Structure formats: structure tokens, C-alpha cells
Amino acid sequence: MEYVIEMLGIRKEFGGFVANDNITLQLKKGEIHALLGENGAGKSTLMNVLFGLYQPEGGEIRVKGKTVKITDPNVANGLGIGMVHQHFMLVENFTVTENIILGSEPTTFGYIKKKQAAKEIQALSEKYGLDVDPYAKIEDITVGMQQRVEILKTLYRGAEILIFDEPTASLTPQEITELMQIMKRLIAEGKSIVLITHKLKEIMEVSDRVTVIRKGQGIGTVVTAETSPTELAELMVGRQVEFTTVKTDATPGEVILDVKDLVVSDYRNINKVKGLNLNVRAGEIVGIAGIDGNGQTELIEAITGLAKVKSGEIILNNKKITNLKPRKITEAGIGHIPQDRHKHGLVLDFTIGHNIVLQTYYQKPISTKGMMDYKQVSKKANQIIEEYDVRTGNGENTPARALSGGNQQKAIIGREINRNPDLLIAALPTRGLDVGAIEFIHSRLIEQRDKGKAVLLISFELDEVMNVSDRIAVIYDGTIVDELNPKQTSEQELGLLMAGHSKKGATN
Ligand SMILES: Nc1ncnc2c1ncn2[C@@H]1O[C@H](COP(=O)(O)OP(=O)(O)O)[C@@H](O)[C@H]1O
Ligand SMILES: [Mg+2]
């Protein structure tokens, strides 16, 4: 039998909304099969159907040629299907072994059985080159290791088919390379893999075939060796895309933002920014490279007035803005494309028109003598909708909620740039967007720089940091550990710094 899994004509609806419409995916034994699609295309839904988390409204699933009904994850496990989820489901203060046997604990002789389980886990770990310590506590191991525990969990339950849902999203470049090796090892030992991703580079590197879905529709399956990133991108978004970011060298001017010895804590009063120093000059893009959770969020919130500064100073255009109210900071000349566009970027129930004047509604020309001039709102909104190609259903009167993620983001970027700030902060500006929107946003950031503005970019994507920045500041554990010229560094070097290894090779 050539196929271990066949999903034929799968349809899945969520109350009228069709997330999967007649999708077919056939997994061969011993292959790495990539499932490619933009955010929201329906990838996780399809795999959740295979794992028994959702019941499809139509279509057929076959395992080794036999039609099956996968009513819940236990049935999936029984059929040899295991899933490594995007967000790990591990108990922090349990050991690796305790987590792996959780839910399928040996009932009698608890202690001895646990020891036996640890032995088996050790053996599996060695067989697949996972290097996991069965007795380590989850809270003490890295995200990369936790993911391997999830892999071991599926193997311990006898998985022959492994589904990985965007497994590289929170890994360092080194961990990504290691994961790719682990996948190849799994294949060599006879397993079959479905790899969900929207990263073309990973697909080209590791997969045998690719199934593409777009907006819930199956587009088709191609052989990796016979395709190219350009073709895949086109299949994914449905039109041609440019990959290269064209930009000249920067000519930095005076310091616009100066952050000195900054200390900021999170909501639990634990310090997240620990004496951080950073500056951004006019006419340059400084990219902050780092793994999620190293103080990026708190740094941006402190600069924009959303979090309180414990100590240290933030200076904009030679004026202290430390702990000013967000509105005062906005008025001082900061534009902010926030990390969470729903929480801090837009009021989803407001129209696009009202969202566009969110920070300026009380100023001239939008308001005169305390009265809002709706003609002016409309004029401004339409100008931005046009310039930034914001696709709305009903123009300025469309509620922000009704726009796709990419168009919401374009509206925010248009609004922030239109206020002409001296410093533009772009936090994960392209997260979850398709390649076309990414290209558009990158060129807008570069355009700001070329107008002599300062741009601070925060990103978890190394490609983005390397291509867009003029200078890279690496953040680790709340401080900037190094600054690099993107032309003179490598993903490898950046990855090591991001993981806390200093240049001398020692771990901090
Ligand atoms: N449980 C659910 N209820 C309603 N809508 C959902 C649910 N899960 C996913 N969707 C919607 O289905 C679409 C596909 O989602 P998903 O499969 O998660 O996409 P992907 O994994 O490709 O990013 C999205 O528009 C999403 O909002
Ligand atoms: Mg998903």
C-alpha cells in the first residue's frame, strides 16, 4: 500500500464558515509531506480532523487503505497517529517521564512502572537522537527540549504517523536545524510525517512533497524537487510575489531614541528588561533580534507608555519621555505598529474611518473647537485606504473587524506613518501575513528610513531582521547583548547570541 493516510475530499464547517472545502491529502509511507498555506488557510483544521479533534462534514479518511472514523484523539493514537501541537501541553512541575505517561499511567506498582517507563523513554530518545533526560523537570528545560518531549510522547504511544503543527515558530535557528535532523531520523526509522508550515525555506530543505491549501480550498500537491520557492509562494497566495527587499545603505543622522539603563518589570513584578541600553538614529532601521520572551514586549510597552519604567531613562529628540502618558508620547513623535493589532492597534467594533483618527480625532483638522468634522475623517480615511491599498468591503464605513489580518495591518501602518512620527516602532509587523503584504510593509518601513525617520523593528523572524535592518541589536534576557552589521553576520552567529551564547563561546 503506497499511502499510509488518505484524506479525500474533506469538508469542515464552523457554523456556516467553510474552513476546509473538498481537500485531499495523501501521505506516503516514509515521506515528509509539507502542508503549506497562509495564516487561516485551514491547515490546523485539516490536521485536527485527522487527529480526531474535529468531525468532518464530508469526505473520507483512510488509514493504510481502510476507511476509518476518527471520533477522538484516542482513536487517532490507536491508529498510530500522533500530533505535536503548536502550543505544548506539558505540566511544568512534572518530569519528562511523568508528562509522557500522563493519561496512560501504568495502574499498579506505580513506582516500578515509572522507572520502567523512564527506561523506555531513554531508549526511544537514544534511538531517534533526541537527547532528552527522562528525569528532567519541564520547567528546567528549553522550549526546543519541551518540543522533543512532545515528540517522545507520540512515539511512546506508538505513533507511526507524526503531525507537526508549525513546529519551528518558537525555535532558535540551531534548534530548527536540529529538528530537521530529527525529522529525517524519524523517516529513516520508518515513520511518516505531515509538517504544517508557511515557511518556504523549511519546505525546500526537508520535505518530499507539498500540499498547498488556500482559503480553505485544496490547490494541489507538488513534488518538492520539481518546484521552487517562487512557484510555492504563488500557489499559496494566488499571484506573483517579489522576494528581494531592495534598499540602499543607510545614512544615519542624530540620535532620535536613546534608552539608558532601562529596567521594566512584568505584571508579576519580575524584571523583564534589566538595564537595557539602545539608541536609534534618524535615517536608520534598527532591528531587535531575539527569541520571544526576552524583554521585547516590555521594552516596547515602556517606550510607548503602556508599561511603567522602574528605573533608567527614555529620551526622544533630547527630551525625557520616561513614564509619560501614552497620548503625550504619541504627540512627542512616536508611531507604533503594535505586536497585538487587536488589543492595541484597532478598536475592532469601530469603522476603519474612526480607527484611522484614533489618536488624532481631537486635533486639527479632524476637530475644531471640540467638534469632530466628519468630512475630514472621511478625507483622511480615504487617503490612507487608497495609499496603503487597504481592501475594505464598504470603504471607510467597514468595521475593522470585517477586514482580513493583512488589511487591518495595512490600515494601522498607514495611520501611524501618516502622522509623520520621528520614530516608528514596528513590533512583529508582518506576523501572520502573506508574502505580498510582507513585501509591501517592508518597503514602507524602508521608505520611512529614506525620509530620514528612525525605525525600530522588533521581529522573531531572522530573515526579516537580516533583510530589513541597517543595524541589528540582539536582545537576550532583558539586555542588548550585542550589536551587529547585518552584512557582516550570519543566521548562525545571530542564533547563538539569541540563545545566550556570548561571542567567546561561553553561555551567560
Ligand atoms: N473552532 C473554530 N471555530 C470557528 N472558526 C474556526 C475554528 N477553528 C478555525 N476556525 C477558522 O477557520 C479558518 C482556518 O483556521 P486554521 O485551520 O486554524 O488555519 P491555519 O492553521 O491554516 O492558520 C480560520 O478562518 C479560522 O478563524
Ligand atoms: Mg494553524
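The structure under discussion appears in the preceding block.
Summarised in this report is the structure supplied together with it. (Residues numbered from 1 in each chain as written. Chains lettered and ligands numbered in written order. Predicted model: local features only at pLDDT ≥ 70, side-chain atom pairs only at ≥ 80, totals over all residues. Heavy atoms only, no water.)

### What about unusual backbone geometry?
Argument step 1. Look at the link from lysine 364 to proline 365: it is a cis peptide, with omega at 0 degrees.
Argument step 2. Locating proline 365 in the fold gives a position in the loop between helix 12 (352-356) and strand 17 (367-368).
Argument step 3. The phi torsion at aspartate 389 lies on the positive side, around 50 degrees, for a residue other than glycine. (Helix = DSSP H or I, 4+ residues; strand = E, 2+ residues; numbered from the N terminus.)

### What about the sheet that holds strand 21 (residues 471-476)?
Argument step 1. Within the open sheet, the six strands sit side by side as 16-19-20-13-21-22. Their pairing is mixed. Every other strand in the sheet has two partners, leaving strand 16 (334-337) and strand 22 (479-484) as the edge strands with one partner each. Taken pair by pair, the neighbouring strands of this sheet meet at an average axis angle of 20 degrees, ignoring direction.
Argument step 2. Against the sheet, helix 14 (residues 405-418) engages strand 16 and strand 19 (423-427), with an angle of about 175 degrees to strand 16.
Argument step 3. Contacts from helix 17 (residues 491-498) reach strand 13 (285-289), strand 21 and strand 22, with the element oriented near 30 degrees to strand 21. (Pairing = 2+ DSSP bridges. Axes fitted to C-alpha atoms, helices over the stretch in contact; angles between N-to-C directions. Contact = heavy atoms within 4.5 Å.)

### Quick word on the packing of aromatic side chains
Argument step 1. In the structure shown here, the tally under the stated rule is three aromatic pairs.
Argument step 2. Measuring from centroid to centroid gives 6.2 Å for tyrosine 388 and phenylalanine 440, while their planes differ by 80 degrees, and the two rings are edge-to-face. Here the residue tyrosine 388 occupies a position in the loop between helix 13 (374-387) and helix 14, and phenylalanine 440 occupies one in helix 15 (residues 435-450), the gap between them amounting to 52 residues. Comparing tyrosine 388 with phenylalanine 440 shows no difference in burial state: the two are buried.
Argument step 3. The ring of tyrosine 362 is capped by arginine 327, whose NZ or CZ atom sits 3.7 Å from the centre of that ring.
Argument step 4. One residue, arginine 444, lies across the ring of phenylalanine 440, its end atom 4.6 Å from the ring centre. (Phe/Tyr/Trp six-rings, centres within 6.5 Å; stacked < 30°, edge-to-face > 60°. Buried < 20%, exposed > 50% of the residue type's maximum accessible area, 1.4 Å probe, protein only. Lys NZ or Arg CZ within 6 Å of the ring centre and 35° of its normal.)

By themselves, these are just geometric observations and shouldn't be taken as functional.
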